[in-house]
Amino acid sequence: MLSTFFKAKPVIDEESKEWIFDTFAWCMDQLDGDFFKNNSELILPNNNFYPGSASSIEAMADKIFSNTLNYTGMTSWPLKLISADNFTQKPMPQLSFESRLRGENAKVSTKVASNVSSTISYKVEGEAVVSSIPPTIPTIDIAFHSSQLNQPQDLIAYLVQVQAGILVNQHGILPPGGKDVLPQTIDLVACFMGFGVIFANTAYQFKGGCGSCNNQSLNRQAALPELETVYALALFCVIKGIDIKPVKKALKSHLTKPFRQAHKEISLYLQQSSNPVHAQLIATNG
């Protein structure tokens, strides 16, 4: 009885745990599991991952954006960072992919509508000439405010959140839970991409204080609750075999205990579980 009494309460409820594992398995299947295995790393909010300085706000934003694209594996996608002052809303182009979604070797093209001609006709000295035009890829613009650089962790989380949303929506296959949990799924995909520390640190923002140390208008709009984000971070670390000491140092202090507990829970689960949906995660871990 005493052992039951002193047993730690699980970090998150069973339903949330199952959804996180199911969605990670879906990510492995649908969002380029090879890139995850071979290229994804845990991104920490420090100069090792975001080094250097820049001579202007735009140059600094571009540098952060470029690094983030590299870590998400979306350098081949037609994504472009635009100042909010110059941003114009436009329809999202539908992209198609050859063989893989992410990484330097990903080949991205635009699906051309059947009623759109890819040729032009013109006359040269009275002769009709038909010329084929290679289809161009319209950019997918991501707006940013210069003031977002004042809270770089939130800026990085915002950029990843947008990229994860584009990735999920362009892929077109609904994740576990469907449209009802799509915002939460996008946050989880960000953790799958390696940004779990940054997303955990920005999942909850203190609303009080003097106001000078935190501008609420610049905070990331989190959909996945804080503890579920910590749990997703721990799952990433277990699967990738990442040393938890640097993780605990990078996390907000109140998150280190639930992270450590989640890491233990997940490690034990992966050793004992026979759930076929999660088998690929166990195989990855092995």
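All values derive from a computational prediction rather than experimental measurement.

**Student:** Help me understand the packing of aromatic side chains in this model?
**Tutor:** Between two aromatic rings, the relevant description is the distance of the centres plus the angle of the planes. All told, the structure shown has eight aromatic pairs when counted by the stated rule. Ring geometry for F21 versus Y231: centroids 6.4 Å apart, planes at 75 degrees, classification edge-to-face. Highlighted residues: F21 in helix α2 (residues 14-30) and Y231 in helix α7 (residues 226-240), separated in sequence by 210 residues. By relative accessible area, Y231 is classed as buried at 1%. An angle of 5 degrees between the planes, with centres 4.6 Å apart, marks the rings of F36 and F192 as stacked. One end of the pair, F36, is in helix α3 (residues 33-38); the other, F192, is in helix α6 (residues 182-201), with 156 residues separating them in the sequence. The two residues F36 and F192 agree in class, both being buried. A connected cluster of aromatic rings, assembled from ring pairs, spans F24, F36, F192 and F236.

**Student:** Would you take a moment to explain the side chain of N201 for this structure?
**Tutor:** With respect to the helices and strands, the residue N201 is situated in helix α6. Looking at N201, its side chain comes within polar contact range of the main-chain oxygen of A250, at 3.1 Å.

**Student:** Would you take a moment to explain α2 for this structure?
**Tutor:** Along an α-helix, residues three or four positions apart point the same way, because every turn accommodates 3.6 residues. For α2, which comprises 17 residues, the first-to-last C-alpha distance of 24 Å matches the rise-based estimate of 24 Å (1.5 Å per residue) to within 8%. Residues of α2 that are buried: S16, K17, W19, I20, F21, T23, F24, A25, W26, C27 and M28. Sitting at the head of α2, D13 places a side-chain oxygen 3.1 Å from the backbone nitrogen of E15. Directly beyond the C-terminal end of α2, a positive phi value near 70 degrees is found at D32.

**Student:** Help me understand helix α4 (residues 57-72) in this model?
**Tutor:** Its 16 residues give α4 an end-to-end C-alpha distance of 22 Å, which sits within 8% of 22 Å, the value for a rise of 1.5 Å per residue. Along α4, the residues classified as buried are A61, I64, F65, N67, T68, L69, Y71 and T72. Structurally, α4 contributes buried residues whose contacts are with α3, β1 (79-83), β6 (140-144), α5 (152-171) and α6. Positive backbone phi, approximately 80 degrees, marks G73, located one or two places after α4.

Calculation notes
Numbering of residues starts from 1 in each chain and follows the order in which that chain's sequence is written. Only residues with pLDDT of at least 70 are given local features in this predicted model, and only at 80 or more are side-chain atom pairs given and counted; all residues enter the totals for whole chains, interfaces and linings. Excluding hydrogens and water, the side-chain figures rest on all heavy atoms present in the structure. Two rings belonging to Phe, Tyr or Trp (six-membered ring only in the last case) form a pair when the distance between their centres is within 6.5 Å. Interplanar angles under 30 degrees mark stacking, angles over 60 mark edge-to-face geometry, and anything in between is tilted. Numbering goes from the N terminus for both helices and strands, where a helix is a DSSP run of H or I of at least four residues and a strand is a run of E of at least two. Note on exposure labels: buried denotes an accessible area under 20% of the residue type's maximum, exposed denotes more than 50%, and partly exposed covers the range between, all computed with a 1.4 Å probe on protein chains only. N or O atoms closer than or at 3.5 Å make up a polar contact, with two conditions inside protein: a donor-capable atom paired with an acceptor-capable one, and, for residues adjacent in sequence, both atoms drawn from side chains. By definition here, a helix of n residues has an expected span of 1.5 Å times n minus one. Here, residues are in contact when the closest pair of their heavy atoms is within 4.5 Å.

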